[in-house]
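# Secondary and tertiary structure notes
Chain by chain, the residues:
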Amino acid sequence: MFESLTDKLGSALRNLRGVGKLTEENMAETLQEVRTALLAADVHFKVSREFVERVQTQCVGQEVLKSVTPGQQVVKIINDELVRLLGEGSTALSAARPLKILMVGLHGSGKTTSTAKLGKLLKKRGYRPFVAACDIYRPAAIDQLEILAKQEDLGFYADRTSQDVTAIGAAALAAAQAAGCDAILFDTAGRLQIDQELIEEVKRLHARIQPDEVLLVADGALGQEAVNVAKAFHEALSLTGLVLTKLDGDARGGAALSMKSITGVPIKFVGTGEKTEDFDTFYPDRLASRILGMGDVVSLVEKAQENIDQKEAEKMAEKLRKADFNLEDFLSQLQQVKKMGSMQSIIGMMPGMSGVKLDDNAEKQMGRTEAIIKSMTNQERRKPEILNGNRRQRIAAGAGVKIVDVNQLLKQFQQMQKMMKMMKGGGAKKMMRQMEAMKGKGGFPGM
Amino acid sequence: MFGLFKKFKDGFAKTVSAISDKTRGLFSGRKIDASSLETLEEALYTADFGVETTEEVLAEIKAAYKKDKELRGQQAAAIGAEVLKRVLAGAEGKLEKSPGANPTVIAMIGVNGSGKTTTSAKLGWRLKQDGKTIILAACDTFRAAAVEQLKTWGQRLDLEVIASHTGGDAAAVAFDAWQAAKARGRDYLIVDTAGRLHTKSNLMEELAKIRRVLQKNDPTAPQHRWLVVDGSLGSNSIEQAKAFHQSFGLTGLVVTKLDGTSRGGALVGIYRQLKIPIYFLGLGEKAEDLQPFSIDSYVKAVFGLDE
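Conventions used here
Residues numbered from 1 in each chain as written. Chains lettered and ligands numbered in written order. Predicted model: local features only at pLDDT ≥ 70, side-chain atom pairs only at ≥ 80, totals over all residues. Heavy atoms only, no water. Helix = DSSP H or I, 4+ residues; strand = E, 2+ residues; numbered from the N terminus. Buried < 20%, exposed > 50% of the residue type's maximum accessible area, 1.4 Å probe, protein only. Contact = heavy atoms within 4.5 Å. Axes fitted to C-alpha atoms, helices over the stretch in contact; angles between N-to-C directions. Parallel < 35°, antiparallel > 145°, perpendicular 65-115°, else oblique. Left-handed = near helix turned anticlockwise from the far one by under 90°. Nonpolar A, V, L, I, M, F, W, Y, C, P; charged D, E, K, R; others polar. Salt bridge = Lys/Arg side-chain N within 4 Å of Asp/Glu carboxyl O. Core = buried A, V, L, I, M, F, W, Y, C linked by side-chain atoms within 4.5 Å. Pairing = 2+ DSSP bridges. Phe/Tyr/Trp six-rings, centres within 6.5 Å; stacked < 30°, edge-to-face > 60°. Lys NZ or Arg CZ within 6 Å of the ring centre and 35° of its normal.

Moving on: the overall build of chain B. Regarding its fold elements, chain B presents twelve helices and eight strands. Counting across all 307 residues of chain B, residues that qualify as buried make up 61%. Of all intrachain contacts in chain B linking residues separated by at least 6 positions in sequence, the fraction that spans at least 24 positions is 77%.

For the rest of this paragraph, the subject is the packing of helix 3 (residues 24-40) of chain A against helix 4 (residues 45-59) of chain A. Residue and element names in this part refer to chain A. In the contact formed by helix 3 and helix 4, the axes pass within 10 Å of each other and the chain directions differ by 150°. It follows from the interaxial angle that helix 3 and helix 4 lie roughly antiparallel. The way helix 3 lies across helix 4 gives a crossing that is right-handed. Contacts between helix 3 and helix 4 involve Glu24, Met27, Leu31, Val34, Arg35, Leu38 and Leu39 on the former and, on the latter, Phe45, Ser48, Phe51, Val52, Val55, Gln56 and Cys59. Its residues placed into classes, the contact of helix 3 with helix 4 shows ten nonpolar, two polar and two charged.

Next up on the list: the pattern of salt bridges. Taken as a whole and judged by the stated rule, the model has 37 salt bridges over all chains. Among the salt bridges present, the one from A:Lys123 reaches A:Asp153, with a minimum N-O distance of 3.6 Å. Here A:Lys123 is found in helix 6 (residues 111-124), whereas its partner A:Asp153 is found in the loop between helix 7 (141-152) and strand 3 (155-157), with 30 residues between them in sequence. Where B:Asp230 meets B:Lys257, a salt bridge forms, and the shortest distance between an N and an O atom there is 2.9 Å. Placement of the pair is B:Asp230 in strand 5 (residues 224-230) and B:Lys257 in the loop between strand 6 (252-256) and helix 11 (266-274), with a sequence separation of 27 residues. An identical accessibility class is assigned to B:Asp230 and B:Lys257; each is buried. Here the residues in one salt-bridge network are A:Arg54, A:Glu81, A:Arg84, A:Glu88 and A:Lys260, joined through shared partners.

Before going further, it helps to examine the nonpolar core. Ranked by internal contacts, the top residues of the largest apolar core, which has 70 residues, are A:Leu86, A:Val104, A:Phe186, A:Phe233 and A:Ile291. Beyond its immediate sequence surroundings of up to four residues, A:Leu86 is in contact with A:Ala256, A:Leu257, A:Lys260, A:Ile267, A:Phe282, A:Pro284, A:Leu287, A:Ala288 and A:Ile291.

All right, on to the packing of helix 10 (residues 236-248) of chain B against helix 11 of chain B then. All names here are of chain B. Relative to each other, helix 10 and helix 11 sit at 40°, their axes nearing to 9 Å. In the crossing of helix 10 with helix 11, the sense of the turn from one axis to the other is right-handed. Facing helix 10, whose interface residues are Ser237, Ile238, Ala241, Lys242 and His245, helix 11 presents Ala266, Gly269, Ile270, Gln273 and Leu274. Tallied by class, residues from the contact of helix 10 with helix 11 come to five nonpolar, four polar and one charged.

Moving on to the pairing of strand 6 of chain B. All names here are of chain B. Taken across its five residues, strand 6 has five buried, putting it largely inside the fold. Alternating residues of strand 6 divide into Gly252, Val254 and Thr256 and Leu253 and Val255, and every residue in both groups is buried. Note: strand 5 against strand 6, five bridges, orientation parallel. If you follow Val229 over to strand 6, its bridge partner there is Val255.

With that settled, consider the sheet that holds strand 8 (residues 290-292) of chain B. Residue and element names in this part refer to chain B. Taken in spatial order, the eight strands make up an open sheet running 3-2-4-1-5-6-7-8, and their pairing is mixed. Among the strands making up the open sheet, the edge pair consists of strand 3 (161-163) and strand 8. Across the sheet, the axes of successive neighbouring strands diverge by a mean angle of 25°, strand direction being ignored. Each of strand 5, strand 6 and strand 7 (278-282) is contacted by helix 11, which is oriented at about 170° to strand 7, the strand it contacts most.

Scanning the entire structure with this criterion turns up five aromatic pairs over all chains. Ring centres of A:Phe45 and B:Tyr45 lie 5.7 Å apart, and the angle between their planes is 25°; this geometry places the pair in the stacked category. With one member in each of two chains, A:Phe45 in helix 4 and B:Tyr45 in helix 3 (residues 34-46) form a pair that bridges those chains. Judged on exposure class, the residue A:Phe45 and its partner B:Tyr45 are both buried. Between A:Phe269 and A:Phe279 the ring centres are 5.3 Å apart and the planes differ by 20°, which places this aromatic pair in the stacked class. Of this pair, A:Phe269 sits in strand 7 (residues 267-271) while A:Phe279 is found in strand 8 (residues 279-281), placing the two residues ten residues apart along the sequence. Considered together, A:Phe269 and A:Phe279 belong to a single accessibility category, that of buried residues. Aromatic rings pair up to connect B:Trp226, B:Tyr279 and B:Phe280 into one cluster. Between A:Arg97 and the ring centre of A:Tyr127, over which it is positioned, the NZ or CZ distance is 3.9 Å. Lying across the ring of B:Tyr65, B:Lys69 places its NZ or CZ 4.5 Å from the centre.

The analysis is restricted to geometry; functional conclusions fall outside its scope.
Encoded structure:
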């Protein structure tokens with residue numbers, strides 16, 4: 001759906017071709033496109049305008065480097081400026097011990113979940129975390145935090161009878177200290193930034209517990225409203241950091257730029273999934289490419305490095321080189337890819353592919369292929385040529401697929417083997433033809 | 001009707017009530033000029049109407065201005081309202097019992113934190129006020145304490161809730177709740193589901209399972225498949241709606257959290273793309289703050305036109 005900024009800028013940038021120097025005139029159309037792209041990514045209207053103006057001042061008068069096109073140069077300037085803006089300030093938390101953290105935000109932004117996730121992260125960093133349930137309004141919010149605290153083995157305090165949030169906070173502080181905990185996280189109720197009564201309430205809590213960190217938890221998909229929200233919370237509570245949640249969706253995250261620009265408060269953490277470990281330190285370069293729709297290439301590379309076993313990969317490369325690649329190897333390769341996450345999330349990180357939606361088929365295909373290979377004996381995996389009709393029938397039954405599916409997989413596997421032999425033999429041209437033919441047949445399963 | 005409009009205005013009105021306030025004086029009797037057009041552009045963008053609708057409204061006002069340099073702010077507002085009404089034509093959803101379906105099933109789906117559980121409870125209360133009988137099914141068995149949340153609402157508003165426990169099978173709860181609603185002769189069954197990001201195919205698959213299991217009871221269930229969208233979100237809510245529509249076939253929208261300063265303009269974008277009717281808006285924390293969507297009231301509140 002979303003075109004990458006680079007795609008979008010295509011025609012505007014073409015007009016810049018052959019330009020020796022960037023001027024206000026030849027930049028105008030390009031910058032208009034940049035502004036629209038930012039607006040479409042939910043960056044606030046005013047923030048977009050200021051951003052474009054800044055980029056313009058930086059661009060105008062620049063000599064175009066010989067090695068790149070003017071377009072590339074402009075995109076680079078935009079990207080760098082975005083990274084700089086998003087990355088201002090430190091993601092580090094206060095060094096105070098005990099470390100007191102107040103979590104605030106709108107309803108449904110993910111405060112309770114983020115509180116538990118941050119608790120878990122701090123535990124990893126050597127703290128003894130404690131969470132305090134200060135949301136007395138949402139039904140069962142206290143239960144939710146208690147369950148998560150138990151699950152992650154964090155200290156926990158709640159007072160189900162009290163309606164006095166300040167008193168609850170103070171009591172929690174005492175309980176945490178008595179329990180010897182040195183990181184205390186206060187989960188608060190969701191509130192609108194314009195709800196004076198509730199803002200006063202959280203201000204009183206703030207005054208009483210004197211937090212070292214005040215983190216605003218905000219949905220990464222927030223719209224133009226993000227500016228008002230961040231501004232009001234910052235004025236009321238002097239925020240020290242932002243936490244962006246639900247970034248495992250496909251929101252472009254323009255709200256982050258708005259909130260960062262308006263408050264100057266650093267983005268410290270991002271929530272990236274349903275599990276409590278899906279919580280990371282913020283990296284501005286990744287979010288910049290996301291806002292611009294340039295794909296999260298760095299993240300992809302890092303993810304691949306983390307999850308793919310280096311030795312396994314080398315072994316595979318060797319096998320590929322020798323064209324000695326059987327179904328067993330294919331299975332382990334499939335599993336490597338799976339470890340990196342869903343196909344959709346991987347595709348989403350690739351440049352120009354951020355809008356591509358895989359239908360569930362690709363993922364299903366992959367699962368089916370895996371099931372088929374797993375239904376084979378070791379001998380069959382190593383020597384697929386022994387697979388006769390009887391064996392194929394058994395495999396199909398075992399994997400819960402039709403025999404044609406088994407046949408198709410084997411046929412495609414044979415083609416792949418053939419290709420590898422050609423690679424080895426250096427018949428590159430022949431291979432290209434072969435690949436074209438394969439494309440017509442729908443390609444390799446799950447690829 | 002006036003009461004409803006007032007609710008809309010109050011809901012929207014806590015600080016900057018309408019676009020007109022942002023463009024202070026623009027929609028008055030004053031004449032339009034280039035700078036007021038720019039202010040208008042800003043107001044439309046900051047209401048999350050999106051690039052397409054904003055450009056359409058601006059284009060019509062600019063065209064009118066070209067023809068008539070004496071164009072007044074009020075006239076411009078009226079033109080904007082007309083464009084918005086045209087874009088939203090047919091967007092009002094009216095909830096009715098599906099003929100032959102006992103109970104009529106409404107499934108609430110959406111991303112995490114959009115307000116499904118709260119909306120389910122409020123809708124139950126509203127239907128009860130209208131003299132209908134209902135049962136709530138607590139099918140969010142994933143989020144810690146979501147079941148307890150719905151149960152607490154049930155106690156507060158005196159609504160019947162069928163639930164199992166966190167970690168249980170959501171589809172099984174839906175099945176049992178349908179059976180219970182049938183046996184007790186209830187008009188509606190409201191199914192609250194777990195929040196899921198639309199980009200997670202395995203979680204989308206779970207939704208399909210709830211549907212399949214409900215269909216064992218009644219092949220037409222769930223008759224209503226409503227997406228609950230947070231009104232303060234931006235353009236991504238359109239992506240959300242598209243993805244849920246594709247895998248679940250949405251029949252309606254509920255837009256929540258419009259009691260802040262956000263204008264909920266994204267609902268216009270969603271309707272534009274998918275033509276799914278909007279049934280209710282969430283305009284506050286109380287049970288009665290879930291209000292039927294009215295194009296007229298919405299458009300008037302947005303442009304600050306009085307009734």
